[in-house]
Amino acid sequence: MKQQMMLGAALVLAALPAMAETPVAEVKYVDGAIAESLTGAPGDAAAGAKVMTNRGQGNCVACHVISAMPDVPFQGNIGPTLDGAADRWTEAELRGIVADAKHTFEGSMMPSFYKTGPYIRQGDGYTGKGFEGTLPPILTAEQVEDVVAYLVTLKE
Amino acid sequence: MLRQGRTFLAAALAVCVAGAASADPVEGEELVINGDITLVTRVAPAASVADALPEVLSGWLFRDEATRAMEMDDFDNPAMLAVDVGLELWDTVDGSEGKSCASCHGDISSMKGLRAKLPKMNAAGDDLWSMENFINDCRTNRMGADAWKWSGSEMTAMTGAISLQSRGMPMSVAIDGPAAEWWAKGKEMYYTRTGQLELSCANCHEDNYGNHIRADHLSQGQLSGFPVYRLKNAKLVSIHNRFKGCVRDTRAETYAEGSPEFRALELYVASRGEGLSIEGVGVRP
């Protein structure tokens, strides 16, 4: 009995961080911005920098120049440079843009990173095959917060 | 000597321009094949796409100097090896009827002009056909031979050899009559944002040609060079194969090569390139 209670308590504790995450469907956008951290905690800027350059994750540099990452080759120029992004946007606004920029810029070409659909002809990653069911968002809540933590350091 | 000096200067200038402005196409360069045939790489848009593009630009203009040069000399153009295979296949008897292409069509030069008009409605008038459809129709119905795979090496060799016959001719597809609904379907596809990345053809090839996604220099996605020798694949690549790759890269479920959807898209994209010279055959990175 005592053992079972302890096991139960351990399970609750293990589940806590996940419970604090805001599921995609419950994210509240106010003028495109998201006020609260999606994880309930601050992100890790160094981890964010990795997400932003990883082709399978954020790959922000595919479309944006980040001068603070001079060792990352072939930075794209589809979107605006991210230099000084934190001078132009608040943390809440940056969070909203990373999660789903279409709330800030109507019709934006930028992919929505914290969204689960609906999509037209959703595929299974880059396989070209279809995907049945609900796709997980491109980035996890934690990864979004990590990216936001990096972006708020981009001041000129 | 003087000529060499000028060439060197032009090359140095091209490097400077490429370094300074990423929103090129390259300016002041002409696509002249073998020092002899000048191809149209810039043209005013047709009425049907005038609202979409200020100027119609060949993908050749978006490539680096070395890649552009490769296409300007048939001895340097790696696609010509496949074209030679295609010319040989033209004369090769295959199938139960003991026929080659040449048995009915004579010299392959009889195909002159065909590439510029494709895709088009078939003889029965009930389907839109790409060049691959016409080839496989001949193979299965007239030659008694097996159909070739849409993007297999025999097929791309043949489409390459046939396309070469139209080199320098202006692209001009029919988009009226029974082709009109195909064109409308293709246009709708062009502007539909697919996959988890929610990207349409237009996002990259209408709104952002000249810009870079990572190392990829975006062109208008014109078809005038197809089939193209793609250095990345080290072989001739079909139009539908490239469509497939693009749609896949939006994290979407692609369409099949040869599908009605891709044939409709091919017609619409071809119409966006009206007036560009058929390059027969292009070289791309």
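Residues numbered from 1 in each chain as written. Chains lettered and ligands numbered in written order. Predicted model: local features only at pLDDT ≥ 70, side-chain atom pairs only at ≥ 80, totals over all residues. Heavy atoms only, no water.

Side note on the sheet that holds strand 9 (residues 228-230) of chain B
Residue and element names in this part refer to chain B.
Here comes step 1: Across the sheet, which stays open at both edges, the 3 strands sit in the order 10-9-11 with mixed pairing between neighbours. The outermost strands of the open sheet, each flanked by one partner alone, are strand 10 (235-237) and strand 11 (283-284).
Here comes step 2: Pairing of strand 9 with strand 10 involves 3 bridges; the strand directions are antiparallel. Note that in strand 10 the partner of V228 across the bridge is V237. (Pairing = 2+ DSSP bridges. Helix = DSSP H or I, 4+ residues; strand = E, 2+ residues; numbered from the N terminus.)

Side note on the confidence of the model for chain B
Detailed reading of the predicted model is not advised wherever pLDDT is low.
Here comes step 1: Taken as a whole, chain B shows an average pLDDT of 92; of its residues, 92% reach a score of 70 or greater.
Here comes step 2: Within the model, the stretch residues 1-23 of chain B combines pLDDT values under 50 with 10 contacts to residues more than four positions away or in other chains. (pLDDT = per-residue confidence, 0-100. Contact = heavy atoms within 4.5 Å.)

Observations regarding the interface of chain B and chain A
Here comes step 1: Contacts between the two partners involve 25 residues from chain B, matched on the other side by 38 residues from chain A.
Here comes step 2: Summing both partners gives a buried area of about 2600 Å² for chain B against chain A, and 50% of it is carried by carbon and sulfur.
Here comes step 3: Along the contact surface separating chain B from chain A lie 2 salt bridges.
Here comes step 4: With its nearest N and O atoms 3.0 Å apart, the salt bridge here joins K115 of chain A to E198 of chain B.
Here comes step 5: When contributions to the side of chain B that touches chain A are tallied by element, the ones reaching two or more residues are helix 9 (201-205) and strand 7 (212-213) of chain B.
Here comes step 6: A breakdown of the residues in the side of chain B that touches chain A according to their chemical character gives 8 nonpolar, 10 polar and 7 charged. (Buried area = accessible area lost by both parts, 1.4 Å probe. Salt bridge = Lys/Arg side-chain N within 4 Å of Asp/Glu carboxyl O. Nonpolar A, V, L, I, M, F, W, Y, C, P; charged D, E, K, R; others polar.)

What to know about the domain arrangement of chain B
Residues and elements named next belong to chain B.
Here comes step 1: Each domain of chain B was delimited in the assignment, giving domain 1 (25-77 + 170-284) and domain 2 (79-164).
Here comes step 2: With centres defined by C-alpha atoms, the gap from domain 1 to domain 2 works out at 22 Å.
Here comes step 3: At the interface, 28 residues of domain 1 touch 25 residues of domain 2.
Here comes step 4: Interface of domain 1 and domain 2: buried area, both sides summed, is about 2200 Å²; carbon and sulfur atoms make up 60% of it.
Here comes step 5: Counting the surface domain 1 buries against domain 2, the share from its top three residues, L236, R263 and I278, is 24%.
Here comes step 6: Taken together, domain 1 and domain 2 are joined by 1 salt bridge.
Here comes step 7: Note that D127 and R263 form a salt bridge whose closest N and O atoms lie 3.0 Å from each other.
Here comes step 8: Between the two partners, domain 1 and domain 2, sit 10 residue pairs in polar contact (both at pLDDT 80 or more).
Here comes step 9: Of all elements in the fold, only helix 10 (239-248) and helix 11 (260-272) reach the threshold of two or more residues within the side of domain 1 that touches domain 2. (Domains from an automatic or database assignment. Polar contact = N/O pair within 3.5 Å; in protein donor to acceptor, adjacent residues only side chain to side chain.)

A word on the packing of helix 6 (residues 131-143) of chain B against helix 7 (residues 153-164) of chain B
Residue and element names in this part refer to chain B.
Here comes step 1: At a minimum axis distance of 10 Å, the contact between helix 6 and helix 7 shows a crossing angle of 110 degrees. By the angle class used here, helix 6 and helix 7 are roughly perpendicular. Listed contacts from helix 7 to M131, E132, I135 and N136 of helix 6 are M155, M158, T159, I162 and S163.
Here comes step 2: Taken together, the residues of the contact of helix 6 with helix 7 break down into 5 nonpolar, 3 polar and 1 charged. (Axes fitted to C-alpha atoms, helices over the stretch in contact; angles between N-to-C directions. Parallel < 35°, antiparallel > 145°, perpendicular 65-115°, else oblique.)

Observations concerning the state of the cysteines
All names here are of chain B.
Here comes step 1: Per the counting criterion, the structure on display carries 0 disulfides over all chains.
Here comes step 2: No disulfide involves C138; its nearest neighbouring cysteine sulfur is the one of C104, lying 6.9 Å away.
Here comes step 3: Taking the relative accessible area as the measure of exposure, C138 reaches 17% and is therefore buried.
Here comes step 4: Free cysteine C201: the closest other cysteine sulfur is in C246, separated by 7.1 Å. (Disulfide = S-S within 2.5 Å. Buried < 20%, exposed > 50% of the residue type's maximum accessible area, 1.4 Å probe, protein only.)

Regarding the packing of aromatic side chains
Here comes step 1: Inspection of the entire model under this criterion finds 8 aromatic pairs over all chains.
Here comes step 2: When the ring of W89 of chain A is compared with that of F105 of chain A, the centres are 5.7 Å apart and the planes differ by 90 degrees; the resulting orientation is edge-to-face. Highlighted residues: W89 of chain A in the loop between helix 3 (85-88) and helix 4 (91-100) and F105 of chain A in the loop between helix 4 and helix 5 (141-151), separated in sequence by 16 residues.
Here comes step 3: Taking 5.4 Å as the distance between ring centres and 70 degrees as the angle between the ring planes, the aromatic pair formed by Y190 of chain B and Y191 of chain B counts as edge-to-face.
Here comes step 4: According to the relative accessible area criterion, Y191 of chain B is partly exposed, its value standing at 35%.
Here comes step 5: Through pairs of rings, three or more aromatic residues link up here, namely W183, Y190, Y191 and Y268 of chain B.
Here comes step 6: If you follow R121 of chain A out to its NZ or CZ, it ends over the ring of Y255 of chain B, 3.7 Å from the centre. (Phe/Tyr/Trp six-rings, centres within 6.5 Å; stacked < 30°, edge-to-face > 60°. Lys NZ or Arg CZ within 6 Å of the ring centre and 35° of its normal.)

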